There are 2 protein chains.
Amino acid sequence: MIDFTRLLARDLPQPAGRFGGLPRWNFVGGNNDPALVPVEALAEAAARTIRAEGRKLALYNMGEGPMGHPALREFVAGKLESQRGIAGGPENVLITSGSLQGLDLVNEVLLEPGDTVLMEEHTYGGAITRVQRCGARVVGMPVDADGIRMDRLAEILGEMRSRGVRPKYLYTIPTIQNPTGSVMPVERRRELLRLSAEHGVPVFEDECYADLLWEGEWPPALRGMEGGEQVIHIGSFSKSLAPALRLGYVSAPWEITSRLLACKDDGGTPSIEQMIVADFFGRHFDGHVRHLKEGLRRKLDVLVAAVEEEFGTSAELSLPKGGIFLWITLPEEVDTSRLAEAALAEGVAINPGAQWSTDSDNARRSLRLCFALPPEEDLREGVARLAAVCHREFGVPLHGANKARRSA
Amino acid sequence: MIDFTRLLARDLPQPAGRFGGLPRWNFVGGNNDPALVPVEALAEAAARTIRAEGRKLALYNMGEGPMGHPALREFVAGKLESQRGIAGGPENVLITSGSLQGLDLVNEVLLEPGDTVLMEEHTYGGAITRVQRCGARVVGMPVDADGIRMDRLAEILGEMRSRGVRPKYLYTIPTIQNPTGSVMPVERRRELLRLSAEHGVPVFEDECYADLLWEGEWPPALRGMEGGEQVIHIGSFSKSLAPALRLGYVSAPWEITSRLLACKDDGGTPSIEQMIVADFFGRHFDGHVRHLKEGLRRKLDVLVAAVEEEFGTSAELSLPKGGIFLWITLPEEVDTSRLAEAALAEGVAINPGAQWSTDSDNARRSLRLCFALPPEEDLREGVARLAAVCHREFGVPLHGANKARRSA
């Protein structure tokens, strides 16, 4: 018998366990609402495009090159230009297998052990762990209800400069920030680009959720603004359509894209899903996204009512301006990592703030609830169970039914 | 302006160029025959499965866990058991985004800089470069018309043992070897497993092409034989269906699979393609593969006739026992790397032997022609052009129309 344990590489993650099914009340992960998947239109798009172009599946990348399916790149380029202010055309859009692959490729091209990366103090946990796995150090940028605080960022960059440290990039989710749900106003965006240029630190903009903004005029993407030409921008179809598709995209200066492409040695992003999304969104993007946002907004209302009902004034809510999650801060005595563990034992899964923060102490009493997946009934039940566990473990909420405090 | 060149990680591959289209006569890459893609049946499978299960696309991995879509894992498990002798059931099949992802995950889990890996002296170029990129050293195992020479392998392992070197794994493509097209007889397979156990070196078996064996009883997979329980086995749907799908699988001991799964942090392998393949192959595997092999065999016959016509006795052919490529050895005076460059300038793309060998000198005068993609007319034209370039550059073939020598 070969002893594999003696052959393994060092520093591997812990082995995975057998899949035991999803938690009964599942408030984690960027899942979407199953009832809002446009099943019939996707089935038609699939049949139509496979009949029209299926023979090309015999070739890697359908013979259309490693940047991705041209029809999908044209759709993305059009959307980026009309909605986000980003020019450049389809020849500068790289389709990736989820925006996660975009993140991984940017890290592969830019990061080395010992490097420094700036991130919002509360941000996507997967982005934090990926940077750390590259051996780079993550430094948090303080945020408020409008995103990164530029006064504090200027201080941090100045202090770093005085120590001779230049971060490799500054990662931000400016439009529906994950997890706080904030949208950075245009004035701050200008200031961010100014600081980026002054300190020679590229901006890496993640717009995974931007399609799901509730209402009103959204600010342009950082990459779409004057002085934003050097921003690296990624986006996704996971939130606007479905995460099981694994499709995302990168829009970046060619000097970066040509490097990402050289490292993208996966044999190509799957083609059938690209064909389907190009066809479906080419016909139905506006209508689908409007319908999706209406549904998600209703679910957010149900969730907020349930949290106010169950947690009362104990819960401070950051009301999101779009998207699929709600960021909640509980009283000092609550440790949400312990709460998450106790709740999971009773079938309720939540993201504790520590997982979504550059400094795990900093969000000890915060948590993220994703509300797109559970049916309305489950949103209510899950929150009631979470409140019961929280009361049992930490003595809060004392009582519900008082209006919770809202911020943002 | 930020100077990105100062921010890049070290040792990156050269930046990619803009895609300029495929070569006119394209004999490279594991492409398939566009005329043999079952377009109508795939369109029906796509529409049917999306209608039946499309709502689950709202969840990462369709909520079915990170090992892959259960219906596809069941199909693979059944095929592995009935055709390759591999037991274990669907709970031990990991679906990957192409078998390339399987290769990458195995390398991530097992390799560290300074390690040694054994590979057939002529083998898949992508496997060589991936191991080298991990900082590991590739050592070639001599092959003949029946695959790895076990006498020589025993010597190499003995010599390594005497120096205290234990390779991390031994990579082999035993069934339709790439590029030679050989099939390892069962006696050699037994001897290979014996040597693996004696030296504590795991076997990593790549069966990408095994579905495309022309005829007769195939030997069982190494993983399906007595003593093969510790073999790491990967396979693919790229060759039996279409490479643009990006679907493959791993069957391995759980102590390895649990590690691969922990490193598979891609958000899941795309689900729609898994649903389509599970449905289509669940209904049509035998019929489709039979039809595909008939078509490929006809193309091989056309290619062989063209090579014999144009190269005469100058070309020694390794007639493959299945698959999509022909391995050719030319006279001493030919350097196929130079030939490939000169031919590409005239629109004919080939794989020079040096790219497909652990020691680039070792196959200086060999080349690989993939014959699935070009129509028959292009097979003939491309070979005629290749012969003309070869004559111009190296003085051979002197004349065609003599029967080429065949081996294997």
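Let us look at the structure shown here. (Residues numbered from 1 in each chain as written. Chains lettered and ligands numbered in written order. Predicted model: local features only at pLDDT ≥ 70, side-chain atom pairs only at ≥ 80, totals over all residues. Heavy atoms only, no water.)

Residues and elements named next belong to chain B. Taken in spatial order, the 7 strands of this open sheet run E2-E10-E9-E8-E7-E3-E4, and their pairing is mixed. Every interior strand has two partners, whereas the edge strands, strand E2 (93-96) and strand E4 (137-141), have only one. Recorded for the sheet is a direction-independent mean angle of 20° between the axes of neighbouring strands. Taken strand by strand, helix H4 (residues 125-133) contacts strand E3 (116-120), E4 and strand E7 (169-172), and its axis lies near 175° from that of E3. (Pairing = 2+ DSSP bridges. Helix = DSSP H or I, 4+ residues; strand = E, 2+ residues; numbered from the N terminus. Axes fitted to C-alpha atoms, helices over the stretch in contact; angles between N-to-C directions. Contact = heavy atoms within 4.5 Å.)

All names here are of chain B. Viewed as axis vectors pointing N to C, helix H9 (residues 336-344) and helix H10 (residues 376-394) meet at an angle of 120°, and their least axial separation amounts to 10 Å. It follows that H9 is oblique to H10 by the angle criterion. The element H9 and its partner H10 pack so that their crossing is right-handed. Contacts from Arg338, Leu339, Ala342 and Ala343 of H9 reach H10 at Leu386, Val389, Cys390, Arg392, Glu393 and Phe394. Split into classes, the residues belonging to the contact of H9 with H10 amount to 7 nonpolar, no polar and 3 charged. (Parallel < 35°, antiparallel > 145°, perpendicular 65-115°, else oblique. Left-handed = near helix turned anticlockwise from the far one by under 90°. Nonpolar A, V, L, I, M, F, W, Y, C, P; charged D, E, K, R; others polar.)

Right, let's get into the sheet that holds strand E4 (residues 137-141) of chain A. Residues and elements named next belong to chain A. Judged by pairing direction, the sheet is mixed, and its 7 strands sit side by side in the order E2-E10-E9-E8-E7-E3-E4 without closing on themselves. Two strands lie at the open edges of the sheet, namely strand E2 (93-96) and E4, each paired on one side alone. Going from strand to strand, the sheet's axes swing by 20° on average, the running direction of each strand aside. Taken together, the 5 bridges between strand E3 (residues 116-120) and E4 define a ladder with parallel strand orientation. Across the sheet, the residue bridging to leucine 118 is valine 139, located in E4. Each of E2, strand E9 (232-236) and strand E10 (248-251) touches helix H2 (residues 70-84); the most contacted strand, E2, lies at about 120° to it.

Before going further, it helps to examine the interface of chain A and chain B. One frequent convention defines the size of an interface as the accessible area lost when the parts assemble. At the interface, 90 residues of chain A touch 91 residues of chain B. Carbon and sulfur atoms supply 61% of the area buried between chain A and chain B, which totals about 7800 Å² over both sides. Joining chain A to chain B, the criterion identifies 8 salt bridges. Linking glutamate 112 of chain B and arginine 10 of chain A is a salt bridge whose minimum nitrogen-to-oxygen distance equals 2.7 Å. (Buried area = accessible area lost by both parts, 1.4 Å probe. Salt bridge = Lys/Arg side-chain N within 4 Å of Asp/Glu carboxyl O.)

Residues and elements named next belong to chain B. In terms of residue burial, strand E12 (residues 325-329) counts as a mostly covered element, since 5 of its 5 residues are buried. The alternating pattern of E12 places Phe325, Trp327 and Thr329 and Leu326 and Ile328 on opposite faces, both of which are buried. As paired strands, strand E11 (residues 316-318) and E12 are joined by 3 bridges and run antiparallel to one another. Directly across from leucine 317, in E12, lies its bridge partner isoleucine 328. Connecting E11 to the next strand, E12, in antiparallel fashion are 6 residues, including glycine 323 with a positive phi near 90°. (Buried < 20%, exposed > 50% of the residue type's maximum accessible area, 1.4 Å probe, protein only.)

With that settled, consider unusual backbone geometry. Geometrically, the link from valine 396 of chain A to proline 397 of chain A is a cis peptide bond, its omega value of -5° lying close to zero. With respect to the helices and strands, proline 397 of chain A occurs in the loop between helix H10 (376-394) and strand E16 (405-407). The residue aspartate 11 of chain A is not glycine, and still its phi comes out positive at about 60°. Within the secondary structure, aspartate 11 of chain A is located in the segment before strand E1 (25-26). One non-glycine residue, methionine 62 of chain B, lies in the positive phi region at around 55°. Inspection of the secondary structure assignment puts methionine 62 of chain B in the loop between helix H1 (39-53) and helix H2 (70-84). Take methionine 62 of chain B: its relative accessible area is 3%, and that puts it in the buried class.

Coordinates in, geometry out; function isn't part of it.
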